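# Close look at the chain arrangement
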Amino acid sequence: MQTLESTLKPPATASEFDTTIHRRKTRPVRVGSVTIGGGHPVVVQSMINEDTLDIDGSVAGIRRLHEIGCEIVRVTVPSLAHATALAKIREKLLATYQPVPLVADVHHNGMKIALEVAKHVDKVRINPGLYVFEKPKADRSEYSQAEFDEIGEKIAETLKPLVISLRDQDKAMRIGVNHGSLAERMLFTYGDTPEGMVQSALEFIRICESLDFRNLVVSLKASRVPVMVAAYRLMVKRMDELGMDYPLHLGVTEAGDGEYGRIKSTAGIATLLADGIGDTIRVSLTEAPEKEIPVCYSILQALGLRKTMVEYVACPSCGRTLFNLEDVLQQVRAATKHLTGLDIAVMGCIVNGPGEMADADYGYVGKQAGYIALYRGREEIKRVPESEGVTELINLIKADGRWVEP
Ligand code: SF4
């Protein structure tokens with residue numbers, strides 16, 4: 001007979017309660033003064049949209065992004081003239097600002113461009129689907145192994161000088177696969193699938209490894225979140241099987257703008273980060289690049305991966321709420337938003353508020369009509385009239401020695 005005890009679930013193990021994100025172990029790859037992977041904080045990057053030939057505009061754009069926390073800035077290099085312009089951009093940054101880790105994006109048949117720009121930037125991003133671009137043949141329906149290998153050899157030959165240049169300068173490369181621009185031979189051989197994306201990255205990784213170059217970062221972006229998530233997960237699986245530990249750059253391409261663009265990017269990036277996958281991120285928005293940086297930091301803060309602002313815990317308010325929660329939250333935020341590292345809760349009532357403050361450092365909780373209670377952790381410290389609530393909260397933080405002037 002089954003006893004009650006035998007039908008009960010076994011006690012949860014410690015790991016079931018583990019709320020820490022265990023990041024996948026990756027090798028450190030240095031990009032100028034910043035390191036991607038190797039246990040370093042997840043790096044935030046973005047891309048300017050100025051024409052790289054516009055030296056002053058590009059310098060201003062790079063500086064604007066860097067000043068608000070973008071740690072690596074990417075520029076596009078569609079021609080040799082753009083590549084040489086990077087020398088001037090870097091010089092000007094040094095003369096008027098400071099060195100900024102720079103990445104150059106090289107596209108169609110960009111071997112000469114990549115070789116030139118590798119002298120002026122810290123990392124070169126190539127797209128395996130475009131680097132050695134084979135025009136699709138209209139009547140082709142498959143690739144024989146011999147044809148597949150022949151093109152592979154051509155790619156290896158073409159990539160070799162860039163790999164050697166980056167290796168000898170101790171600079172980095174991003175192998176940036178895009179779902180939308182997979183090479184035709186990969187499409188025919190592996191289909192329009194995450195497998196095709198992963199194989200495309202692996203082919204380039206193997207060429208780099210054969211030349212003893214391992215300063216590599218890999219990305220497998222797609223505009224569809226499920227495709228992107230599957231591709232990165234498969235890449236991790238394959239790399240684990242092959243003993244590779246390259247860091248990953250996460251992003252959802254063509255995410256669009258506004259609320260949906262942010263949600264779509266977050267859905268892809270945060271899903272992977274929560275699994276411990278990802279060492280650098282870019283949120284691609286169809287907006288000014290400066291708008292991407294706060295989204296990156298919010299994703300990282302929400303997951304507890306980086307703390308760049310105050311964490312506010314606030315209840316949604318309900319019939320029990322004893323004050324205008326939206327107004328008070330704004331007042332509290334305005335007064336304390338510079339206290340990076342603190343967790344502050346604003347809760348509508350003492351019935352559920354204190355229990356749901358999620359271990360905030362300080363709490364502002366509705367007590368009774370016209371009065372609020374201030375908490376330090378789970379301890380109620382004092383009851384004050386609502387009109388003095390924000391001032392008294394600041395006084396409490398000051399008394400604890402945790403206040404800094406804005
Ligand atoms: S904390 Fe109180 S006021 Fe806020 S939602 Fe919960 S019950 Fe309502």
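Residues numbered from 1 in each chain as written. Predicted model: local features only at pLDDT ≥ 70, side-chain atom pairs only at ≥ 80, totals over all residues. Heavy atoms only, no water.

The protein appears in an unreviewed UniProt entry as 4-hydroxy-3-methylbut-2-en-1-yl diphosphate synthase (ferredoxin) from Microcystis aeruginosa NIES-2519. Of the comments in the UniProt record for the protein, the one headed Pathway (unreviewed entry) reads "Isoprenoid biosynthesis; isopentenyl diphosphate biosynthesis via DXP pathway; isopentenyl diphosphate from 1-deoxy-D-xylulose 5-phosphate: step 5/6." (UniProt positions renumbered as here; feature names shortened; annotations may be inferred.)

Right, let's talk about the UniProt feature "domain: IspG TIM-barrel" (unreviewed entry) in the protein for a bit. The residues that UniProt annotates with the feature "domain: IspG TIM-barrel" (unreviewed entry) are residues 26-297. Counting secondary structure, residues 26-297 comes out at 48% helix and 15% strand; the distance between its end C-alpha atoms is 21 Å. (Helix = DSSP H or I, 4+ residues; strand = E, 2+ residues; numbered from the N terminus.)

Put simply, an interface is often sized by how much accessible area is lost when its parts join up. Taken domain by domain, the protein holds domain 1 (27-301) and domain 2 (309-398). For domain 1 and domain 2, the distance between their C-alpha centroids amounts to 43 Å. (Domains from an automatic or database assignment.)

Glancing now at the site of the ligand. Near the ligand you find Cys315, Ser317, Cys318, Arg320, Thr321, Gly348, Cys349, Asn352 and Gly353, and these make up its full shell. In terms of residue class, the shell around the ligand is made up of three nonpolar, five polar and one charged. (Near = heavy atom within 4 Å. Nonpolar A, V, L, I, M, F, W, Y, C, P; charged D, E, K, R; others polar.)

Further remarks concern the sheet that holds strand E15 (residues 379-385). The strand order across the open sheet built from five strands is E11-E12-E13-E14-E15, with neighbouring strands paired in mixed fashion. Strands with a single pairing partner mark the edges of an open sheet, and in this sheet they are strand E11 (311-314) and E15. Going across the sheet, the axis of each strand differs from the next one's by a mean of 25°, ignoring polarity. Pairing of strand E14 (residues 371-376) with E15, which is carried by six bridges, proceeds in the antiparallel orientation. Residue leucine 374 lies in a different strand from E15, and its bridge partner there is lysine 382. Along the sheet face, helix H12 (residues 325-336) touches E11, strand E12 (343-347) and strand E13 (362-368) and points at about 160° away from the line of E12. (Pairing = 2+ DSSP bridges. Axes fitted to C-alpha atoms, helices over the stretch in contact; angles between N-to-C directions. Contact = heavy atoms within 4.5 Å.)

All right, on to the sheet that holds strand E3 (residues 43-47) then. Across the sheet, which stays open at both edges, the eight strands sit in the order E8-E7-E6-E5-E4-E3-E10-E9 with parallel pairing between neighbours. Lying at the two open borders of the sheet, with one neighbouring strand each, are strand E8 (216-221) and strand E9 (249-250). Packing of helix H6 (residues 145-168) onto the sheet brings it into contact with strand E6 (123-126) and strand E7 (172-178), and relative to E7 it is tilted by some 140°. Where helix H11 (residues 292-302) meets the sheet, it contacts E3 and strand E10 (280-281), and its direction lies at approximately 160° from that of E3.

Residue pairs three or four apart in sequence face the same way in an α-helix, which turns once every 3.6 residues. The terminal C-alpha atoms of H6 lie 33 Å apart, and with 24 residues this matches the ideal 34 Å at 1.5 Å per residue to within 8%. The largest bend along H6 reaches roughly 40° and is located at leucine 159, with the proline proline 161 sitting one to four residues downstream. The inward-facing, buried residues of H6 contact helix H4 (111-117), E6, helix H5 (128-131), E7, helix H7 (184-190) and helix H8 (194-210). Downstream of H6 by one or two residues, aspartate 170 has phi in the positive range, about 55°. (Expected span 1.5 Å × (residues − 1). Bend = angle between axes of the 7 residues up to and from the residue.)

Applying the stated criterion across every chain yields a total of 27 salt bridges. Arginine 64 is the salt-bridge partner of glutamate 50, the closest N and O atoms lying 3.0 Å from each other. Taken as a pair, glutamate 50 in the loop between E3 and helix H2 (55-67) and arginine 64 in helix H2 lie far apart in primary sequence, 14 residues in all. A salt bridge links glutamate 292 to arginine 282, with the shortest nitrogen-to-oxygen separation between them at 3.0 Å. (Salt bridge = Lys/Arg side-chain N within 4 Å of Asp/Glu carboxyl O.)

Turning our eyes to something else, we now look at empty space enclosed by the protein. Scanning the model with the defined rule gives one cavity of 30 Å³ or more in all. Lining of the largest cavity is provided by Pro354, Gly355, Met357, Ala358, Asp359, Ala360, Gly377 and Arg378. (1 Å grid on protein atoms, 1.4 Å probe; cavity = no way out; pocket = protein on both sides within 12 Å on 5 of 7 lines; lining within 4 Å. Points joined across faces, edges and corners; volume = space filled by probe spheres on them.)

Looking at the protein as a whole, its pLDDT mean stands at 92, while 96% of the residues score no less than 70. Within the model, pLDDT remains below 50 along residues 1-7, and this stretch shows one contact once partners closer than five positions in the same chain are excluded. (pLDDT = per-residue confidence, 0-100.)

The next subject is the nonpolar core. Burial of nonpolar side chains together is a common tendency in soluble globular proteins. By size, the foremost hydrophobic cluster in this structure holds 86 residues, and its most contacted members are Val124, Leu162, Met173, Leu220, Met235 and Leu248. The element contributing the most residues to this core is helix H9 (residues 225-242), with 10 residues. Beyond its immediate chain neighbours, meaning those up to four positions away, valine 124 contacts Val103, Ala104, Val106, Ala114, Val117, Ala118, Leu162, Leu166, Ala172, Met173 and Arg174. With 32 residues, the next largest nonpolar core counts Val332, Leu342, Tyr364 and Ala373 among its residues. (Core = buried A, V, L, I, M, F, W, Y, C linked by side-chain atoms within 4.5 Å. Buried < 20%, exposed > 50% of the residue type's maximum accessible area, 1.4 Å probe, protein only.)

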